[in-house]
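# Summary of the model geometry
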Amino acid sequence: RPPLHLMPSTKNLAIEAPCLVLLAVLSTVSAFITPSQHHHAIIHHPIKTNPTTMMMDADVSNLLYQEQENLIVRRGELEEQFVTNTKPLDAPVIKVRGTGKAGGFGKSTSGSGSKASSKAEGKAHAKILKKEGVLRIDNVLTSDTADAVRDYLYNLRYQSEEEVREGKIQPTQRFANVLLRQNRCDLTIPLGDEIISKALEESICKSPVGATISSIFGDEAILHELSCIMSDPGSQRQVLHPDTPFIDGKGPVLYTCFIALQDVTLEMGPTTWLPQTHNKEAHEAFKDTLEIAGGGDSPKDSLIKSQPAVLGLLPKGSCGIFDSRTLHCGCANQSKDGTSRALFYFSFKNPTVGYPGNPASIRQELGNARVSLGALMDDLKMFGKGKGSPLIDHLGSQMR
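Residues numbered from 1 in each chain as written. Predicted model: local features only at pLDDT ≥ 70, side-chain atom pairs only at ≥ 80, totals over all residues. Heavy atoms only, no water.

Counting its secondary structure elements, the chain contains 12 helices and 11 strands. The buried share among the 400 residues of the chain stands at 49%. Counted over contacts in the chain with a minimum sequence separation of 6, partners at least 24 positions apart contribute 86%. Taken as a whole, the chain presents about 19400 Å² of accessible surface, with 54% of it coming from carbon and sulfur. (Helix = DSSP H or I, 4+ residues; strand = E, 2+ residues; numbered from the N terminus. Buried < 20%, exposed > 50% of the residue type's maximum accessible area, 1.4 Å probe, protein only. Contact = heavy atoms within 4.5 Å. Areas by Shrake-Rupley, 256 points an atom, 1.4 Å probe, with all protein chains shown as cover.)

Attention now moves to the sheet that holds strand β3 (residues 175-176). What the 7 strands build is an open sheet, ordered β2-β9-β6-β11-β5-β4-β3; its pairing is antiparallel. Strands with a single pairing partner mark the edges of an open sheet, and in this sheet they are β2 (134-137) and β3. Two strands pair when backbone bridges link them, and strand β5 (residues 222-231) and strand β11 (residues 341-349) are joined in this way by 9 bridges, in the antiparallel orientation. Bridge pairing in β11 places S231 opposite R341. (Pairing = 2+ DSSP bridges.)

This part is about the packing of helix α4 (residues 115-132) against helix α7 (residues 209-217). It is at 7 Å that the axes of α4 and α7 come closest, and there the two elements cross at 70°. Judged by the inter-axis angle, α4 sits roughly perpendicular to α7. Handedness of the α4/α7 crossing: right-handed. Contacts between α4 and α7 involve S118, G122, K123, H125, A126, L129 and K130 from the first element and A211, T212, S215 and I216 from the second. (Axes fitted to C-alpha atoms, helices over the stretch in contact; angles between N-to-C directions. Parallel < 35°, antiparallel > 145°, perpendicular 65-115°, else oblique. Left-handed = near helix turned anticlockwise from the far one by under 90°.)

Unusually for a residue other than glycine, N139 sits at a positive phi of about 55°. Within the secondary structure layout, N139 lies in the loop between β2 and α5 (143-165).

A word on a positive patch on the surface. There is a patch of like positive charges on the surface, built from K115, K119, K123, K130, K381, K385 and K387. Relative to the assigned elements, K385 resides in the loop between α11 (373-384) and α12 (390-398). According to the relative accessible area criterion, K385 is exposed, its value standing at 63%. (Patch = residues over 30% accessible without salt bridge, like charges linked within 9 Å, V, L, I, M, F, W, Y side chains within 5 Å. Salt bridge = Lys/Arg side-chain N within 4 Å of Asp/Glu carboxyl O. Lys, Arg positive; Asp, Glu negative; His and termini not counted. Charge placed at Lys NZ, Arg CZ, Asp CG, Glu CD.)

Before going further, it helps to spend a moment on the nonpolar core. By size, the foremost hydrophobic cluster in this structure holds 50 residues, and its most contacted members are L153, I204, F344 and F346. Setting aside its immediate chain neighbours within four residues, F344 contacts V149, L153, I189, A199, L200, L226, S227, C228, C257, F258, I259 and L261. In terms of nonpolar packing, the next biggest core, distinct from the first, is built from 13 residues, L78, F286, L327 and C329 among them. (Core = buried A, V, L, I, M, F, W, Y, C linked by side-chain atoms within 4.5 Å.)

Moving on, we get to helix α8 (residues 280-287). By the burial criterion, the buried members of α8 are A282, H283, A285 and F286. One side of α8 carries all its buried residues, which in axial view fall inside an arc of 165°. Projecting away from the buried face of α8 at angles above 90 degrees are the exposed residues E281 and K287. On the buried face of α8, the contacting elements are α9 (299-306). Put simply, N279 is the residue that caps the front of α8, since its side-chain oxygen is 3.3 Å from the backbone nitrogen of E281. (Arc of directions from axis to C-beta. Polar contact = N/O pair within 3.5 Å; in protein donor to acceptor, adjacent residues only side chain to side chain.)

Paired through backbone hydrogen bonds, the strands of a sheet run either parallel or antiparallel to each other. The sheet built from 4 strands is open, its strands ordered β1-β8-β7-β10 with mixed pairing. What marks the edges here is a single partner per strand, and that holds for β1 (86-88) and β10 (328-330). The sheet shows a mean angle of 25° between the axes of neighbouring strands, direction not considered. Examined bridge by bridge, strand β7 (residues 271-273) and strand β8 (residues 309-311) share 2 bridges and lie antiparallel to one another.

All right, on to the pairing of β5 then. Consecutive side chains along a regular strand alternate between the two faces of the sheet. Burial analysis of β5 places 10 of its 10 residues in the buried class, the great majority of the element. Bridge analysis of strand β4 (residues 184-188) against β5 gives 5 bridges, and the strand direction is antiparallel. Within β5, the residue paired with D186 across the bridge is I229.

For R174, the position within the fold is in the loop between α5 and β3. Buried charged residue R174 carries no salt bridge. Nearest counter-charge: E163, at 4.1 Å. Non-local contacts of R174, meaning those with residues more than four positions away in its chain, are made with S160, E163, I169, D186, L187, T188, R363 and R400.

Here we come to the packing of α11 against α12. It is the contact of α11 with α12, at a shortest axis distance of 7 Å, that shows an interaxial angle of 105°. Relative to α12, the element α11 lies roughly perpendicular. Of the residues in α12, those in contact with A375, L376, D379, L380 and M382 of α11 are P390, L391 and I392. For the contact of α11 with α12, the per-class residue count stands at 7 nonpolar, no polar and 1 charged. (Nonpolar A, V, L, I, M, F, W, Y, C, P; charged D, E, K, R; others polar.)

Right, let's get into the pairing of strand β6 (residues 254-260). Most of β6 sits inside the fold, with 7 of its 7 residues counted as buried. Because side chains alternate across β6, one face comprises the buried residues L254, T256, F258 and A260, and the other comprises Y255, C257 and I259, equally buried. In this structure, β6 lies alongside β11, joined through 7 bridges in antiparallel fashion. Bridge pairing in β11 links T256 to S347. Across 5 bridges, β6 lies against strand β9 (residues 319-323) in antiparallel orientation. Looking at the pairing, F258 lines up with G320 of β9.

For the rest of this paragraph, the subject is the confidence of the model for the chain. Per-residue confidence for the chain averages 84 on the pLDDT scale, and 79% of its residues sit at or above 70. Confidence drops under pLDDT 50 across residues 2-49; counting only partners more than four residues distant or on other chains, this segment forms 50 contacts. Every residue in residues 100-112 is under pLDDT 50, and counting partners more than four places away or in other chains gives 39 contacts. (pLDDT = per-residue confidence, 0-100.)

Now the structure itself:
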């Protein structure tokens, strides 16, 4: 997903001013033209289009996009040098009667414990998540389910790419916007297929994930995203960014759960998180890119250099849940064996919040339905008992 700060710091970068000015002008103009205004203008002021002019416009647009991506890549490479205090994101030991370390399959009697123990485990995880801004939970998907979901989603990706090439669908009907899109995509996922229902049941109902989110937002939390980030070999490192801004006096907005569909190695470009940056102080420093007099680091660069980082070196089926305000980025996939990294993910939104500050990676029909965590969990539990899933079936029938 694109960060809030698309234009990186220009420190140590050679940037041509005219290009930046043109980018700023185009962005400003487009910001003041709504789709309805644009349509109105076309109807009442028809303009004869010249194929040559259209080709030139496309070339300019592609050139500007490439220049912006080049700046982001160079800034990402610079930040990679700043982040030196790193360690793997580890799953905490949660001591709750009836559960084991990190919960999930193989670690406890997941799905068979009492409702009270599940709630207590979720509360314990939530305490860590609220403090650190990121949390690992192991074994939220079985190995077989992770493999099946991965196969299903890559087949869906190839089918969707073919349909886009043939003009049958628009790219936005299958893919969300993603920063540094070369060798990287954000594939939105439909409901209705059994393997996705099974994956959601395991991760939300049988693992501590659902109870953890419910402990913070309650069962009225809204499903905000359902998608899969795929990072192929050759994808570049993103710049550090939050997914939503910090707003003084407001609590968390979104919690996102990244689930590894294969073991994530260092060469595959794991997600990097900066724990405890989901607060006012960190965001104020992050937005301050002015260098200190005398050549000192900007507050932003000082923050990145000094803040310990954790790497999402997740085993297959494990997840990282994070506060959307926590600074993070996807790293470059430098896998020599051609392995693509896939993270199946979903986000739940605070029910008291309207627009969270970032477009959602979700099928439009599903996003419009505003499905609550409680309703989804009830439906998934019925699915797990072989009693059907009327809500999911209805939503699936709406997908295009």
